[in-house]
Amino acid sequence: MAPQRPIIIDCDPGQDDAVALLVALGSSELDIIGITAVAGNVPLKLTETNARKVCELANRTEIKVFAGHDAPLERPLVTAEDVHGRTGLDGPDLPEPTMKLQEAHATAFIINSLREHPARSVTLCPLGPLTNIAAAIEAAPDIISRIEEIVLMGGANFERGNVTPAAEFNIYVDPQAADIVFSSGVPITVMSLDVTHQALTTTERIAAFRSLGNPAGLATAEMMEFFARFDSEKYGTAGAPLHDPCVIAYLLQPDLFSGKMVNVEIETESELTMGMTVVDWWNVTNRPANAKFISTVDDDGYFNLLTERIGLL
Ligand code: RIB
Ligand code: CA
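Model, not experiment: these values are computed from the prediction. (Residues numbered from 1 in each chain as written. Chains lettered and ligands numbered in written order. Predicted model: local features only at pLDDT ≥ 70, side-chain atom pairs only at ≥ 80, totals over all residues. Heavy atoms only, no water.)

> Tell me what's going on with the overall build of the protein chain, and back it up with residues and numbers.
Of regular secondary structure, the protein chain possesses 12 helices and 10 strands. For 313 residues, the compact-globule estimate of 2.2 N^0.38 gives 20 Å, and the C-alpha radius of gyration of the protein chain, at 18 Å, lies within 12% of that figure. Structurally, the protein chain occupies a C-alpha span of about 50 × 45 × 40 Å along its principal axes. When each of the 313 residues of the protein chain is scored for burial, the buried share is 62%. Look at the contacts in the protein chain between residues 6 or more apart in sequence, and 83% of them connect residues 24 or more apart. (Helix = DSSP H or I, 4+ residues; strand = E, 2+ residues; numbered from the N terminus. Rg over C-alpha atoms; globule rule 2.2 N^0.38 Å. Buried < 20%, exposed > 50% of the residue type's maximum accessible area, 1.4 Å probe, protein only. Contact = heavy atoms within 4.5 Å.)

> Explain the site of ligand 1 to me, using residue names and the numbers behind them.
What surrounds ligand 1 is the set D12, D16, D17, N41, L127, M153, N162, E168, F169, N170, H243 and D244. In this structure, E168 approaches ligand 1 through a side-chain N or O atom, which is 2.6 Å from an oxygen atom. In this structure, N170 approaches ligand 1 through a side-chain N or O atom, which is 2.8 Å from an oxygen atom. For ligand 1, the protein covers 96% of the area, taking 280 Å² as the surface of the free molecule. At a threshold of 2 Å from the grid points, most atoms of ligand 1 map onto the largest pocket. (Near = heavy atom within 4 Å. Polar contact = N/O pair within 3.5 Å; in protein donor to acceptor, adjacent residues only side chain to side chain. Areas by Shrake-Rupley, 256 points an atom, 1.4 Å probe, with all protein chains shown as cover. 1 Å grid on protein atoms, 1.4 Å probe; cavity = no way out; pocket = protein on both sides within 12 Å on 5 of 7 lines; lining within 4 Å. Sits in = over half its atoms within 2 Å of the grid points.)

> I'd like to hear about the sheet that holds strand β7 (residues 257-262), residue by residue, with values.
Here we have eight strands laid out as an open sheet, ordered β3-β2-β1-β4-β5-β6-β10-β7, and mixed in their pairing. Two strands lie at the open edges of the sheet, namely β3 (65-67) and β7, each paired on one side alone. The mean angle between the axes of side-by-side strands here comes to 25°, regardless of whether they run parallel or antiparallel. Pairing of strand β1 (residues 5-11) with strand β2 (residues 30-37) involves seven bridges; the strand directions are parallel. (Pairing = 2+ DSSP bridges. Axes fitted to C-alpha atoms, helices over the stretch in contact; angles between N-to-C directions.)

> Any chance you could break down the pairing of strand β10 (residues 291-297) for me, citing the residues and the numbers?
Looking at chain direction, strand β6 (residues 188-191) and β10 are connected through three bridges and run parallel. Within β10, the position partnered with M191 by the bridge is I294. In the sheet, β7 pairs with β10 via six bridges, with the strands oriented antiparallel. Looking across to β10, one finds that K260 is bridged to F293.

> Tell me about the nonpolar core, and please be specific about residues and values.
Soluble globular proteins tend to bury their nonpolar side chains together. Of all hydrophobic cores here, the largest spans 64 residues; its most connected members are I9, I35, I248, F257 and Y302. Residue contributions to this core peak at eight residues, all from helix α1 (residues 15-25). Not counting the four nearest positions on each side in its chain, I9 is found in contact with L21, A24, I32, G34, I35, T36, C125, L127 and I248. Among the nonpolar cores identified, the runner-up in size contains 36 residues, and L114, L152, F182 and A291 belong to it. (Core = buried A, V, L, I, M, F, W, Y, C linked by side-chain atoms within 4.5 Å.)

> Can you break down the coordination of the calcium ion (ligand 2) residue by residue, with the values?
For the calcium ion (ligand 2), the protein coordination sphere consists of D12 (OD), D17 (OD), D17 (OD), L127 (O) and D244 (OD), at 2.3 to 2.6 Å. Sequence spacing of the donors to the calcium ion (ligand 2): D-x4-D-x109-L-x116-D. Highlighted residues: D17 in helix α1 and D244 in the loop between α10 (215-235) and α11 (245-252), separated in sequence by 227 residues. Summarising the burial analysis for this pair, D17 and D244 share the class buried. (Donors = N, O, S within 2.8 Å, 3.2 Å for Na, K, Ca; no water.)

> Talk me through the pattern of salt bridges; I want residue IDs and the actual numbers.
On inspection of all chains with the given rule, the structure shows 13 salt bridges. Put simply, K53 and E96 hold a salt bridge, and the shortest N to O gap is 3.5 Å. One end of the pair, K53, is in helix α2 (residues 44-57); the other, E96, is in the loop between α3 (81-84) and α4 (106-116), and 43 residues separate them in sequence. Classification of K53 by relative accessible area gives buried; the value is 12%. E96 gets classed as exposed once you look at its relative accessible area, which sits at 56%. Between R205 and D299 there is a salt bridge whose closest N-O contact spans 3.0 Å. Taken as a pair, R205 in helix α9 (residues 203-210) and D299 in helix α12 (residues 299-310) lie far apart in primary sequence, 94 residues in all. Taking relative accessible area as the criterion, R205 reaches 13% and is therefore assigned buried. We classify D299 as partly exposed; its relative accessible area is 24%. (Salt bridge = Lys/Arg side-chain N within 4 Å of Asp/Glu carboxyl O.)

> I'd like a rundown of the environment of P129, residues and numbers included.
Within the secondary structure, P129 sits in the loop between β4 (122-126) and α5 (131-139). For P129, a relative accessible area of 0% translates into the label buried. C-alpha separation for the pair P129 and L152, spaced 23 residues apart in sequence, amounts to 9.7 Å. Residues contacting P129, with those up to four places away along its chain left out, are D10, D12, V38, A39, G40, N170, V173 and D174.

Below, the structure written as structure tokens:
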């Protein structure tokens with residue numbers, strides 16, 4: 001078997017985070033050295049609990065789950081219970097987890113993991129606000145040269161914002177953290193709303209998860225049915241964009257996606273455009289390209305991959 005790719009998934013489950021975790025847990029190409037939780041869709045106590053619920057759903061209780069920051073670096077926390085429900089994982093009725101939460105803070109785990117693994121071997125996969133990642137970089141700048149790549153879900157360009165007219169939720173919640181990450185010089189690949197809005201959870205695709213017949217497939221269908229109601233109504237589309245699994249799918253089958261290197265800056269001053277990813281898509285400035293901004297996905301191939309991997313759990 002080819003060597004596994006070591007990754008850390010930083011997340012704020014959230015149904016789409018949960019599906020991303022399930023796909024990663026069903027993929028032997030990936031060595032999940034840890035899952036770190038951050039406050040975002042719902043408060044930290046719920047996001048770390050939900051991450052452990054998903055590990056138990058996948059029968060992967062050996063996975064280490066860490067709690068991180070319970071609030072953004074500077075701004076007050078903004079959550080999204082209207083989208084994800086009070087628990088953050090509304091839809092299926094998953095039991096309270098019995099697997100233990102790790103005692104170390106997520107930021108310490110991220111720093112230590114990067115120092116202990118060979119340089120440029122660990123990929124960071126943030127699926128929520130970038131607070132934990134930015135805090136690790138601020139506390140230990142030496143890790144910048146040790147991160148293989150950051151593949152994140154966040155931001156928007158042509159799609160505009162989903163939480164304000166200008167900003168996508170993950171970046172909006174902690175724009176200062178996003179600015180630290182995008183200014184760090186670490187190789188970054190961005191799965192923004194521009195690409196996730198091409199990957200809709202249609203009824204046929206939800207039925208395919210349900211027809212897997214395993215607990216993870218059923219729970220995924222139930223999560224998608226709950227999660228889809230909000231965005232389907234908001235956008236008038238046949239299904240909701242399935243954001244976070246794009247990060248994991250990119251690691252597994254990058255040829256499903258396409259994009260280009262561009263400069264991305266983060267708005268951290270104006271309240272009107274706070275958290276906006278200012279993307280120099282047409283290269284009209286001389287600002288250096290600092291991110292691979294993904295703009296297309298083979299959506300059928302994407303959902304086939306997700307269904308295949310969740311079927312292995
Ligand atoms: O804007 C979509 C992103 O915000 C997703 O990661 C979703 O889980 C929420 O965190
Ligand atoms: Ca998320």
